[in-house]
Amino acid sequence: MKFKRLKKLTELYGISGFEEPISEFIENEIKNIVDEYWKDEVGNLIAHKKGKKSNRGRLMLLAHMDEVGLMVKKINKDGTLAITNIGGVDPRVVMGKKVKIGEELKDGIIGYKAIHEQKREELLKTPKYDKLCVYAGHEKEDDAKSEFNVGDPIFFDTQYKEIGNYAIGKAFDDRNGCEVLIKIIEYLQENPVDYDVFFAWVVQEEVGLRGSGVAASQIEPDAAIVFEGTTAGDNPELAESRWAAKIGQGPVLTYAHRGLVPDRKIFDVIKEAAKKHNIPHQFKGRTAGGTDAARLARTLRGIPAGVISTSARYIHSPMCVMSLNDFNNTIKLGQTLITEGKVLSK
Amino acid sequence: MKELIKKLTEISSPSGREDSIREIIISEIKDHVDEYKVDNLGSVIALKKGTSGKKILFDGHMDEIGLVVTNIDDKGFLRVESVGGVSPYILLGSHLRFENDVTGVVGVESETMKDAGKNIKELNYDLLYVDIGAVNKEDAEKKISVGTFGTYDSRFYDLGKRLVSKAMDDRIACAIMIQAIKEIEKPKDDIYFAFTVQEEVGLVGASVAGFDIKPDMAIALDVTAGPDTPKGFKRMGFKLGGGPTIKIKDMASISASSVVSKLKSVAEKNNIPYQYEILIFGGTNAKGYQTTGAGIPSGTVSIPCRYVHSPHEMVDYDDVLNSVKLLKSVAKEEV
Amino acid sequence: MKTSDLLNLLIRLSNAFGPVGYEEEAIDVIKEKINPFVDEIYVDNIGNLIAHKKGTGKKIAFFTHMDEIALVISTVDEKGFARFDTMGGIDPKILISQRVKIKSRDGKTRTGIIGMLAPHLQNKETRKEVPHYDDLFIDVSMNPDYEKVTTGDLAVVDITSYMLKDKVIGKALDDRACCVISILLAEQLDKYSSVPELYFVFTTREEVGGLGAQVASQTIQPDLAVVMDVTQDSNDSGISMGKGPVLGVGGPIVHKKYYKNLKNIAKKKNVQVQYEYTPGRSGTDADSVQIAGKGVPTLILSIPQKHMHSPVEVINPKDIEESVRLLESFVESLKEGETNEV
């Protein structure tokens, strides 16, 4: 196993609004190697590594802790749980899956009518969430109510596995970014820099970039780098010209995305650093989807940011694939940028 | 003023790549303002000092809609995606100009006649490509790379009373503000002029431009629709040449009633024609100011414009001149 | 406040004319009623009415919105047919065959009718369709001075609030019913010798995306915000009128510890409550309140309502009284500094 902590991070259960297990885990990992850290009113975890010199600027590194998932909407008469999605979850990815329910992580499954019971037309039609439910072993409403409540979170339940240079698992978006930040803190222990570096593991990205502005308002950084997990799309059913990224080709750099054209100078600094240090990299081939950089630009006096992503196939589902080489290179690129310090001196 | 409008609209400078338009704006205003700065995101904010102790801010966005190269194929054709709202229908058949002055034309895929009909009907970016005259990928990559931004390539036309160009949205406001900056003398209030970035991708610059200034009032200048065309939108009654419009609402914001009545009274006092505007779609930077800090009473003055977000946006020159007059008249009063 | 006074206030507020961004009439009523119980009262830059009661310790803010959905005249032809746009979400079906009250920019009130072509003049196809805003118009030609109706004039459905058995019917009970909760709560809390720092925020612009609440939350930065709005009385969710306040639960917005406190206090005080799951967006001011500035712990309390966003919204006043009773005890518990489970 190359990335034991990444395994732990991705296997933790933490949909938007239920990020405590992730922040607790990260807190334990970093508490002895940062100068200060705190958790804010909405659940963001923020840490600070002081620079060797004061007044050399404040850089913020950001990753989001939350993953997409489901929630109990209602407890049905037959003891099953009606569900709705939290963040973008395609109903087609949840059928025939095991899930964990509630903060106590009780077991459940999401099934669907047997193929025998379906008409031909239904077989290839995407069911709405109204037609899906979680079965957790109850046959009666009251039994289910004794164990579950409306509003309980429902999590994908997938084990992380490394196969050669690839990892499969859930929540690569964006636990991989969470791990990159920890790796950078560890790197800073050995390779301190002059300026202040703040680390923000934020909540609620998947439901509308809701945590990052709150974190940035406390940090008041001069610039930021967002580490994301992004979609790859490199599959045979999609024309190559429409791929967002290809796994194995290195970290993904973003020149434009929804709601923001990320800062040009920071983009150039990242690109040049990757080139100079021979770190493989690629440019995101689609502008769909936004990141917390879009929120940061609208916060305080406007915080310029760059976006570096590790791409994964099939994100926002219980089963994703990413390249460990890409991940390694993202870490390397992050560390390189920190040492260079040019993101701040724009 | 037509020369200024030509200069500002013909430059190619889309959202996130405002460097060239910023340079021009700074060179136009620097000798006529008390101070100016470029903020964190790249917006230019200039100040003409007044004496009342009050502050008013005028906003016009300097970016324009555009495109970005997302892929180069083996034959040297480009794929692009839009930066801001660019309709694939208007894009098809148009001429584009990229950074470094590479130009290209836009075509649509179709392998059969049946495809040809269907693809036009269901046109989208997946079906469009850009031909920059490259013979293969290698040739194309010498000229351009993924991540290069571009815009429509079109010229300014002076039709007399009516003017046509790309990027009237919102360089016409930049022109109005520059003209006002040159003509305003001894304003009552401190007047801030914010030439903001990235409006077209979601009101980015204006969300933060007022943060430190905390003006007592903010007025966004932007283009609106020009519904007085054959079978034009029947739910909107303003027209080209009817004067600048005082916006009541659009999809993004409802103007502060205090701003609406202020603009109305200034216009009436100075015999400046104006129209009330309800825009049933769209939005302006006013929304960005409304939610800044403790909130800024904000509204919008619009210049009616036909064919918005096309390579040929049309405004009425008298509306432009009257907008300058309106700004100057506002400057004479206290907020 | 006696129940009869509560009903009068509710009816008065429902009748007040207060489209999004033009809430002056509602402001006047709320100001008059809450004034005796607070230390200062002001309208902020964006148009929120804020009533502040000084206290010690935590800063608690109660958010209710006072704006109502409305129509705005977008253009009028020479014959007196006006086209319009909506402010907030309005179902075109409920507009057909309504009389509307138009407040013109000249300060005068005029009448309009949204008519429906008689069945005789319709064909099979058009009878099946609901006309969209594009096909609807307000007929103002019956006003002798109809040419004074202009672009920008505001209109609401002309209905006077009334009692139907023990329920109140009227427009704008979303969310003026909750404004009444805030006023009653201020009255109750005025009886205590010491209270936390209290803000009663009556927001503008909720119906167009919570801009007012964002600004107020940014400025006040409370230690806890309770956002109150109406929610659907529906068979599907099982939430119904008369069964007490509805607590928002789960999801990213609701603060978990404070939610538990509130729930426990309801139990302790025998306040019957209902529960509603809160997904990524609640569709209330809470969405912007929580993430304003440095972040605000937020709770959502709703009261059930039938026929939301119509002129015949229905509220059971009992739910208002029970909400006040619950929140009074809740504030009392906060005053004692109890943030742990009670």
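Here, the structure is the one placed above.
S.K.: I tried to follow the overall build of chain B on my own but got confused; where do I start?
M.R.: Scanning chain B from N- to C-terminus turns up 10 helices and 17 strands. Its C-alpha atoms give chain B a radius of gyration of 20 Å, near enough to 20 Å, the size a compact globule of 335 residues would have. With the C-alpha coordinates of chain B rotated into their principal frame, the extents come out at 65 × 45 × 40 Å. Pairs at least 24 residues apart make up 76% of the contacts formed inside chain B by residues separated by at least 6 positions.

S.K.: Hey, could you run me through the pairing of strand β12 (residues 197–203) of chain C in this one?
M.R.: The side chains of a regular strand alternate between both faces of the sheet. All names here are of chain C. Of all seven residues in β12, six are buried, a share of seventy percent or more. Here strand β2 (residues 49–53) pairs with β12 via five bridges, running antiparallel. What sits directly across from Ile50, in β12, is Val201. Bridging between strand β3 (residues 59–65) and β12 involves seven bridges; their strand directions are parallel. Following the sheet pairing, Ala61 is matched in β12 by Tyr199.

S.K.: Looking at this structure, I do not really get unusual backbone geometry. What am I missing?
M.R.: Keep in mind that most residues, glycine aside, have a negative phi and that most peptide bonds are trans. At the junction of Asp169(B) and Asp170(B), the peptide bond is cis and its omega measures out at 10 degrees in the coordinates. As for its position among the elements, Asp170(B) is in helix α6 (residues 168–183). The step from Asp174(C) to Asp175(C) runs through a cis peptide bond, and the omega angle for that step is 15 degrees. Looking at where Asp175(C) falls in the secondary structure, it is placed in helix α5 (residues 173–189). If you check the backbone angles, Leu300(A) has positive phi at about 50 degrees while not being a glycine. The topology assignment puts Leu300(A) in the loop between α8 (292–297) and β16 (305–313). Of the residues examined, Leu300(A) has 18 C-beta atoms within 10 Å and is grouped as partly exposed.

S.K.: Would you mind showing me how to read the packing of helix α1 (residues 2–10) of chain B against α6(B) here?
M.R.: Between two packed helices, both the angle of their axes relative to each other and the distance between the axes serve to describe the pair. All names here are of chain B. Here α1 crosses α6 at 140 degrees, and the two axes come no closer than 9 Å. As the angle between them shows, α1 and α6 are arranged oblique. Of the two possible hands of crossing, α1 and α6 adopt the one that is right-handed. Facing Leu4, Ile5, Leu8 and Thr9 of α1, the residues of α6 in contact are Met168, Arg171, Ile172, Cys174, Ala175, Ile178 and Gln179.

S.K.: I'm lost on the pairing of strand β14 (residues 245–249) of chain B in this one. Help?
M.R.: Residue and element names in this part refer to chain B. With five of five residues buried, β14 is to be regarded as a mostly interior element. Alignment of β14 against strand β15 (residues 275–278), held across four bridges, turns out to be parallel. Bridging from a neighbouring strand, Ile246 pairs with Tyr276 of β15. Considered for its hand, the β-α-β crossover made up of β14, helix α8 (residues 257–269) and β15 is right-handed.

S.K.: What am I meant to see in the sheet that holds β12(C) here?
M.R.: In any sheet, the strands associate via hydrogen bonds between backbone groups, in a parallel or an antiparallel arrangement. Residues and elements named next belong to chain C. If you trace the eight strands from one edge of the open sheet to the other, you get β1-β2-β12-β3-β13-β16-β14-β15, paired in mixed fashion. Of all strands in the sheet, those with a lone pairing partner are β1 (40–43) and β15 (274–277), marking the two edges. Across this sheet, the average inter-strand angle for adjacent strands is 25 degrees, counted without regard to direction. Relative to strand β13 (residues 224–232), β3 runs parallel, the two being bridged by four bridges. If you follow Phe63 over to β13, its bridge partner there is Val227. Strands β1, β2 and β12 of the sheet are contacted by helix α2 (residues 24–34), whose axis makes an angle of about 10 degrees with β2.

S.K.: Help me out: how do you make sense of the nonpolar core in this one?
M.R.: The biggest cluster of nonpolar side chains holds 315 residues, and the ones touching the most others in it are Ala305(A) and Val180(C). Among residues more than four places away in sequence, those in contact with Ala305(A) are Ala223(A), Ala224(A), Ile225(A), Val226(A), Pro262(A), Asp263(A), Ile266(A), Ala293(A), Leu296(A) and Ala297(A).

S.K.: Honestly, α8(B) in this entry has me stumped. Any pointers?
M.R.: Turn by turn, an α-helix covers 3.6 residues, leaving residues three or four places apart pointing in a common direction. All names here are of chain B. Under the 1.5 Å per step criterion, the end-to-end length of α8 is 18 Å for 13 residues, consistent within 8% with the ideal 18 Å. Taken residue by residue, α8 has Val259, Val260, Lys262, Leu263, Val266 and Ala267 as its buried positions. Viewed end-on, α8 has its buried residues packed into an arc of 165 degrees, placing them on one side of the element. Turned more than 90 degrees away from the buried face of α8 sit Ser265, Glu268 and Lys269, all of them exposed. The secondary structure elements touched by the buried residues of α8 are β13 (217–224), β14, β16 (298–306) and α10 (317–332). Of the residues trailing α8, Asn271 is marked for its positive phi of about 55 degrees.

S.K.: Explain the environment of Ser309(A) here, please?
M.R.: Mapped onto the elements of the fold, Ser309(A) is located in strand β16. Spatially, the C-alpha atom of Ser309(A) lies 6.6 Å from that of Leu253(A), the residues being 56 residues apart in sequence.

S.K.: Help me understand the interface of chain C and chain B in this model?
M.R.: How big an interface is tends to be reported as the loss of accessible area on association of its parts. Tallying the contact residues gives 23 residues for chain C and 18 residues for chain B. In terms of residue count, the dominant contributor to the side of chain C that touches chain B is helix α6 (residues 211–220) of chain C (five residues). Residues of the side of chain C that touches chain B, tallied by class, amount to eight nonpolar, 10 polar and five charged.

S.K.: Before we go on, may I ask you to explain the sheet that holds strand β17 (residues 313–315) of chain C in this structure?
M.R.: Residues and elements named next belong to chain C. Strand order in this open sheet of three strands is β10-β11-β17, and the pairing throughout is antiparallel. Every interior strand has two partners, whereas the edge strands, β10 (162–164) and β17, have only one. Sheet twist, expressed as the average angle between the axes of neighbouring strands with direction ignored, equals 35 degrees. Inspection of the sheet shows strand β11 (residues 167–170) paired to β17 by three bridges, in the antiparallel sense. Note on β17: the bridge partner recorded for Ile169 is Val314. In this fold helix α1 (residues 3–15) packs onto β10 and β11, with an angle of close to 15 degrees to the strand it touches most, β11.

S.K.: For this particular structure, what's the right way to read the interface of chain A and chain C?
M.R.: Each side of the interface is counted separately: chain A has 26 residues, and chain C has 18 residues. The set of elements that each furnish at least two residues to the side of chain A that touches chain C consists of β4 (69–75), β5 (81–86) and α6 (212–219) of chain A. Each residue belonging to the side of chain A that touches chain C can be placed in one class, and the counts come to nine nonpolar, 11 polar and six charged.

S.K.: Hey, could you run me through the environment of Asn270(B) in this one?
M.R.: All names here are of chain B. Along the chain, Asn270 turns up in the loop between α8 and β15. C-beta crowding within 10 Å serves as the criterion here: with 15 such atoms nearby, Asn270 is assigned to the partly exposed category. Along the chain, Asn270 and Asp318 lie 48 residues apart, while their C-alpha atoms are 15 Å from each other.

S.K.: Sorry if this is basic, but what is going on with helix α9 (residues 324–340) of chain A here?
M.R.: All names here are of chain A. In this model α9 runs 24 Å from its N-terminal to its C-terminal C-alpha over 17 residues, within 8% of the 24 Å that 1.5 Å per residue would give. For α9, every residue scored as buried is listed here: Asp326, Phe327, Asn329, Thr330, Ile331, Lys332, Leu333, Gly334, Leu337 and Ile338. Buried-residue contacts for α9 involve α5 (172–190), β12 (196–202), β13 (223–231), α7 (264–276), β16 and β17 (320–323). Phi turns positive one or two residues past the end of α9, at Gly341, with a value near 70 degrees.

S.K.: I tried to follow the packing of α5(C) against helix α9 (residues 317–335) of chain C on my own but got confused; where do I start?
M.R.: Residues and elements named next belong to chain C. Packing of α5 against α9 leaves a shortest axis separation of 9 Å and a crossing angle of 45 degrees. By the angle between their directions, the pair α5 and α9 is classed as oblique. The chirality of how α5 crosses α9 is right-handed. In this structure, α5 contributes Ala177, Val180, Ile181, Leu184, Leu185, Gln188 and Leu189 to the contact, and α9 contributes Ile320, Ser323, Val324, Leu327, Glu328 and Val331.

Thresholds applied
- Residues numbered from 1 in each chain as written.
- Chains lettered and ligands numbered in written order.
- Predicted model: local features only at pLDDT ≥ 70, side-chain atom pairs only at ≥ 80, totals over all residues.
- Helix = DSSP H or I, 4+ residues; strand = E, 2+ residues; numbered from the N terminus.
- Rg over C-alpha atoms; globule rule 2.2 N^0.38 Å.
- Contact = placed C-beta atoms within 7 Å.
- Buried ≥ 20, exposed ≤ 12 C-beta atoms within 10 Å, placed from the backbone.
- Pairing = 2+ DSSP bridges.
- Axes fitted to C-alpha atoms, helices over the stretch in contact; angles between N-to-C directions.
- Parallel < 35°, antiparallel > 145°, perpendicular 65-115°, else oblique.
- Left-handed = near helix turned anticlockwise from the far one by under 90°.
- Right-handed = clockwise from strand over helix to strand, strands pointing away.
- Core = buried A, V, L, I, M, F, W, Y, C linked by C-beta atoms within 7 Å.
- Expected span 1.5 Å × (residues − 1).
- Arc of directions from axis to C-beta.
- Nonpolar A, V, L, I, M, F, W, Y, C, P; charged D, E, K, R; others polar.

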